[in-house]
Structure formats: C-alpha cells, structure tokens
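Listed here are the chains, written in short residue letters.
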Amino acid sequence: MCEHARVTGPLTRPRARCARCLRPQAACLCALVRPTAHRTEVLVLQHPQEQRQAKNSVALLRLSLAHCEVAVGERFAAETLHALLHRPGRDTRLLYPDVPVAPAPPASPDIGPAAAGSVRLVVLDATWRKSLRMLLEHPVLSALPRLSLDAPAPTRYRAIRAARRPDQVSTLEATVQALAWLEGPCFDAAPLLDAFGVFVAGVAARQRGPVSTGLA
Ligand SMILES: [Zn+2]
C-alpha cells in the first residue's frame with residue numbers, strides 16, 4: 001500500500017504536459033496561438049534556463065510563426081552552430097541591441113522590407129547577462145551582421161519580469177518588432193501581441209496566487 005502511494009500518489013505524480021506547447025496542462029497556452037504570416041526565417045537560440053520558465057514567451061512565438069526554429073543550449077559546437085545559422089540563399093542577421101559592451105558587429109549593408117524573404121533572423125533567448133556571454137563565447141555569433149532595434153516599444157512584459165535594462169523586452173516582443181521592421185505593413189503583429197498580453201496577464205495571476213486574483 002505504501003509502495004502504491006509512493007508511485008502514484010499526488011505528491012510524486014509528474015505534472016502532465018501538453019504535447020504541443022510542452023507546458024504543464026494547467027498552463028497550456030495553445031488556445032492563445034495566433035498563426036501569423038511572415039517570410040523571414042527565425043532561429044531562436046534558447047538558454048536551457050529559459051526553456052521551462054512559466055513566463056517564457058518563446059513557446060507562443062514558435063507555435064504562432066510558421067518559420068520559427070528553436071535550438072536549446074548554452075554552448076554550441078562550432079559546426080552545430082554553423083549548420084543552424086546558415087541556409088542557402090538566406091542573409092543571416094543577429095537580432096541584438098546596439099550596446100557598447102557587446103563586440104562590435106562587422107560592417108554590413110543595411111536591410112529593409114525588400115529583404116524580408118531572404119533573411120534568417122537569429123534571436124538569443126536568455127537573460128541580458130547570459131545572452132552577452134553566449135555572444136562572447138561564440139565568435140561565429142558575434143561575427144554575424146546585426147539587426148538592432150533603435151527604439152523598442154514599451155514592453156507588456158514588466159508585469160512578470162523586472163527588466164534590467166530600459167530597452168529589454170521579451171523575446172517574443174523583440175522578434176515581432178524585428179519582423180515588423182523587416183516585413184513592412186503586410187506583417188500583422190496585432191493578434192499575436194494581443195495574445196501575448198493575455199499570456200502575461202495569466203502568468204501574473206498565477207504568480208499572485210488564488211487569494212488576490214479577484215483584485216485584477
Ligand atoms: Zn498546449
């Protein structure tokens with residue numbers, strides 16, 4: 001009887017996960033997925049610590065974008081990274097803020113809306129400090145031409161994560177802003193950003209717990 005309780009009791013039973021978004025069933029975000037048309041290829045290099053964070057925005061991004069690939073790791077072998085970064089006919093760009101502490105990017109021609117169909121956009125999903133370390137430890141990443149957002153829009157993320165830098169936004173928001181810049185007016189980000197707002201509100205409510213959810 002004790003053996004039975006140890007194996008199947010509620011304290012030890014692993015939480016069931018959604019097979020699609022890979023989150024616990026209670027936090028499944030599949031109903032929030034908004035298929036969003038785009039032409040740019042997106043590659044997210046996700047730090048392992050971000051993968052299971054309840055507040056991580058990449059699962060919603062991955063499921064809403066048709067051309068979004070996620071690779072999880074902290075250190076990547078050079079050949080693995082090279083294979084991930086480069087695709088025939090694609091101009092690979094690293095989405096990274098223009099900050100003095102980061103290695104200077106190589107000189108590269110500007111790109112704009114006309115290039116959207118030929119760009120492979122690389123995004124680092126990590127805390128600010130860890131993303132800088134990923135950049136410093138992978139010369140092939142810091143050697144990529146960059147796309148830097150001059151003036152990110154205010155983030156909806158502050159409710160659940162204290163931004164350590166004023167221009168730090170969620171990975172989903174930063175990627176969507178970059179896609180809006182690359183793809184121009186034919187890219188409709190509003191449904192996905194609205195869904196992200198609902199996601200943030202849900203995470204914030206769960207963080208506050210059942211006592212105070214009625215105050216919102
Ligand atoms: Zn799900």
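Look a little higher up for the structure.
Basis of the calculations
- Residues numbered from 1 in each chain as written.
- Predicted model: local features only at pLDDT ≥ 70, side-chain atom pairs only at ≥ 80, totals over all residues.
- Heavy atoms only, no water.
- Phe/Tyr/Trp six-rings, centres within 6.5 Å; stacked < 30°, edge-to-face > 60°.
- Helix = DSSP H or I, 4+ residues; strand = E, 2+ residues; numbered from the N terminus.
- Buried < 20%, exposed > 50% of the residue type's maximum accessible area, 1.4 Å probe, protein only.
- Polar contact = N/O pair within 3.5 Å; in protein donor to acceptor, adjacent residues only side chain to side chain.
- Pairing = 2+ DSSP bridges.
- Donors = N, O, S within 2.8 Å, 3.2 Å for Na, K, Ca; no water.
- Tetrahedral: all angles 85-135°; square planar, octahedral: opposite > 155°, others 65-115°.

1. Concerning the packing of aromatic side chains
- Counted by the stated rule, this structure contains two aromatic pairs.
- Ring geometry for Phe 196 versus Phe 199: centroids 6.0 Å apart, planes at 25 degrees, classification stacked. Of the two residues, Phe 196 and Phe 199 are both situated in helix H8 (residues 190-208); the distance of three residues between them amounts to about one turn of the helix. By the burial criterion, Phe 196 is buried, and Phe 199 matches it.

2. A few points about the side chain of Thr 40
- With respect to the helices and strands, the residue Thr 40 is situated in the loop between helix H1 (2-8) and strand E1 (41-46).
- In terms of polar contacts, Thr 40 uses its side chain to reach the side chain of Glu 183, at 2.7 Å.

3. Describing the pairing of strand E3 (residues 91-95)
- Most of E3 is tucked away: four of the five residues are buried.
- In the sheet, E3 pairs with strand E4 (residues 119-125) via five bridges, with the strands oriented parallel. Each residue of the ladder has a partner; that of Leu 95, found in E4, is Val 123.
- Relative to strand E5 (residues 146-147), E3 runs parallel, the two sharing two bridges. Bridge pairing in E5 links Leu 95 to Leu 147.

4. Here we look at the coordination of the zinc ion
- Only Cys 18 (SG), Cys 21 (SG), Cys 28 (SG) and Cys 30 (SG) from the protein coordinate the zinc ion, and they sit 2.3 to 2.4 Å from it.
- Considering all four donor atoms around the zinc ion, angles at the metal cover 104 to 116 degrees and the coordination shape is tetrahedral.
- Between consecutive donors of the zinc ion, the numbers of intervening residues give the motif C-x2-C-x6-C-x1-C.
- The exposure class of Cys 28 is partly exposed, given its relative accessible area of 34%.

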